[in-house]
Amino acid sequence: MVIRKDNKKTVAVGREAKRMLGKTPANIMTIRPMKEGVIADFDATGEMLKYFIKKVHNRRSFVSPRVIIGVPSGITQVEQRAVKDAAEASGAREVYLVEEPMAAAIGVGLPVGEPSGNMIVDIGGGTTDVAVISLDGVVYCKAVRVGGDKMDEAIMAYIKRRYSLMVGEMTTEQIKINLGSAFIMEDAEKRVMDIKGRDLISGIPKTITINENEIREALTEPINIILDTIRLALENTPPELAADIVDRGIVLAGGGALLRGIDLLIKQETGLPVIVAENPLTAIVIGVGKMLDELELLRRIAIN
Ligand SMILES: Nc1ncnc2c1ncn2[C@@H]1O[C@H](COP(=O)(O)OP(=O)(O)OP(=O)(O)O)[C@@H](O)[C@H]1O
Ligand SMILES: [Mg+2]
């Protein structure tokens, strides 16, 4: 999201702002109002919500909209309040908070209302949420502040350490998306990418070629944290529900589910079937959309 420093004239969000990250002149700031799943900048979050509401809301309608916001499971009451306040301040009429793993589960069509265990692992930008869901509720959940951003940081640190090359945030994310991998693949040596950055020693721009194996190595730490979180969740799942998970498997959602081979790695490490959601990046939004259509479902699931 972009806000002009003087009087907040321009607000750009999404792709448009992302392209500007690390490339702005002094009078423009790029801000990530939400970081690690919670609000980092209250005013900016409000501005962003206002922008979204204006963008999607029927302009002829004078009623302020009903807003459903996905929050990481396990955020504190104070954090919940902050999210609600930001939404209300930006003109929402009714604000419902739903736990993201719940929304994701609904989005991918899991039978959340049944008395059977479903495990969903949502690997987002800031957090990875592991949740076991049964009877419209989260039976167990554990969130770690490790996700796509930490993967980007790990790649950046690796390239800096190994090649003395400083690369920007956008570049690192692109490397992760194009070349990132969590599992040893046959073609890994052949998958390479040219990376441009600034040489830390000479200070001038330089290009290096990097392959998939290197990026897999760079990602070891964040990936292991995600694996540990899944193991912990499995250990803490009541036996009857665990039995269901053995049959149904683990469902992966969130952008991180698109990391090459992450499903194979989790399958290997847990021995359980792993299914990547059809549209991992939009599972939550689709789930929330279903709740908007089914108010009954929403009322059962909202946590406030
Ligand atoms: N093909 C891909 N491979 C690996 N990572 C990807 C891919 N596509 C997107 N991502 C990563 O997924 C993350 C965004 O996922 P998502 O939209 O689920 O997160 P979020 O919901 O915004 O974050 P959070 O849930 O932590 O609040 C980013 O870190 C992005 O780099
Ligand atoms: Mg998310």
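For clarity, every value in this text was computed on a predicted model and none was experimentally measured.

Asks: Tell me about the sheet that holds strand S8 (residues 118–123), residues and numbers included.
Replies: The strands making up a sheet associate through hydrogen bonds between their backbones, and the pairing can be parallel or antiparallel. With respect to topology, five strands assemble into an open sheet ordered S10-S9-S8-S14-S15, the strand pairing being mixed. At either end of the open sheet lies a strand with only one pairing partner, and these are strand S10 (137–144) and strand S15 (274–276). Between one strand and the next, the sheet's axes are offset by a mean angle of 20°, whatever the strand orientation. As judged from the three bridges shared by strand S14 (residues 250–253) and S15, these two strands associate in the parallel manner. When the bridges of S15 are listed, Val 251 appears paired with Ile 275.

Asks: Describe the site of ligand 1, listing the residues and the values that go with them.
Replies: Near ligand 1, the surroundings consist of 16 residues, among which Gly 125, Gly 126, Thr 127, Glu 173 and Lys 176 are the closest. Gly 125 has a polar backbone atom sitting 2.9 Å from an oxygen atom of ligand 1. Protein burial of ligand 1: of its 660 Å² of free accessible surface, 76% is covered by the chains. A per-class count over the shell around ligand 1 returns four nonpolar, nine polar and three charged.

Asks: Describe in detail the side chain of Glu 212, supporting the description with residues and values.
Replies: Of note, Glu 212 is situated in helix H7 (residues 212–218). We classify Glu 212 as buried; its relative accessible area is 0%. For Glu 212, the side chain forms a polar contact with the side chain of Arg 191, separated by 2.5 Å.

Asks: Give me the lowdown on the environment of Arg 81, citing residues and values where you can.
Replies: Note that Arg 81 resides in helix H3 (residues 77–89). For Arg 81, a relative accessible area of 42% translates into the label partly exposed. Residues Arg 81 and Leu 97, 16 residues apart in the sequence, show an inter-C-alpha distance of 9.9 Å.

Asks: If you had to explain the environment of Ala 104 to someone new, which residues and values would you point to?
Replies: Checked against the element boundaries, Ala 104 lands in helix H4 (residues 100–107). With 127 residues separating them in the primary sequence, Ala 104 and Arg 231 have C-alpha atoms 20 Å apart. Other than its neighbours up to four places away in sequence, Ala 104 contacts Ile 120, Ala 253, Ala 283 and Ile 284.

Asks: Provide a residue-level description of the pattern of salt bridges, including the pertinent values.
Replies: Taken as a whole and judged by the stated rule, the model has 16 salt bridges. For Glu 88, the salt bridge identified is with Arg 81, shortest N-O distance 3.7 Å. Through salt bridges with shared partners, one network takes in Asp 187, Arg 191, Glu 212 and Arg 260.

Calculation notes
Counting of residues starts from 1 at the beginning of each chain's written sequence and follows it residue by residue. Note on labels: chains are lettered from A, ligands numbered from 1, in written order. Owing to the predicted nature of the model, reporting of local features is limited to residues with pLDDT of at least 70; listing and counting of side-chain atom pairs is limited to 80 or more, with chain, interface and lining totals taken over all residues. Hydrogens are left out, water is left out, and the side-chain values use all remaining heavy atoms of the structure. In short, DSSP must find at least two bridges between two strands for them to pair. Only DSSP runs of H or I with at least four residues qualify as helices, and only runs of E with at least two residues qualify as strands; both kinds are numbered from the N terminus onward. Angular values range over 0 to 180 degrees, each being the angle between N-to-C directions of two axes fitted as lines to C-alpha atoms, with helices fitted over their stretch in contact. Nearness of a residue to a molecule or strand requires only that one of the residue's heavy atoms be within 4 Å of it. Polar contacts, as used here, are pairs of N or O atoms within 3.5 Å; protein pairs need one atom able to donate a hydrogen and one able to accept it. Residues neighboring in sequence count only if both atoms are side-chain atoms. Each accessible area is a Shrake-Rupley result for a 1.4 Å probe, and residues are judged covered by the shown protein chains and nothing else. Gly is placed with the polar residues, together with every amino acid not listed as nonpolar (Ala, Val, Leu, Ile, Met, Phe, Trp, Tyr, Cys and Pro) or charged (Asp, Glu, Lys and Arg). To sort residues, take the accessible area from a 1.4 Å probe on protein chains only and compare it with the maximum for the residue type: under 20% means buried, over 50% means exposed, and anything in between is partly exposed. Should any heavy atoms of two residues lie within 4.5 Å, those residues are counted as being in contact. Salt bridge, as applied in this entry: a Lys or Arg side-chain nitrogen positioned within 4 Å of an Asp or Glu carboxyl oxygen.

By themselves, these figures tell us nothing about what the structure is for.
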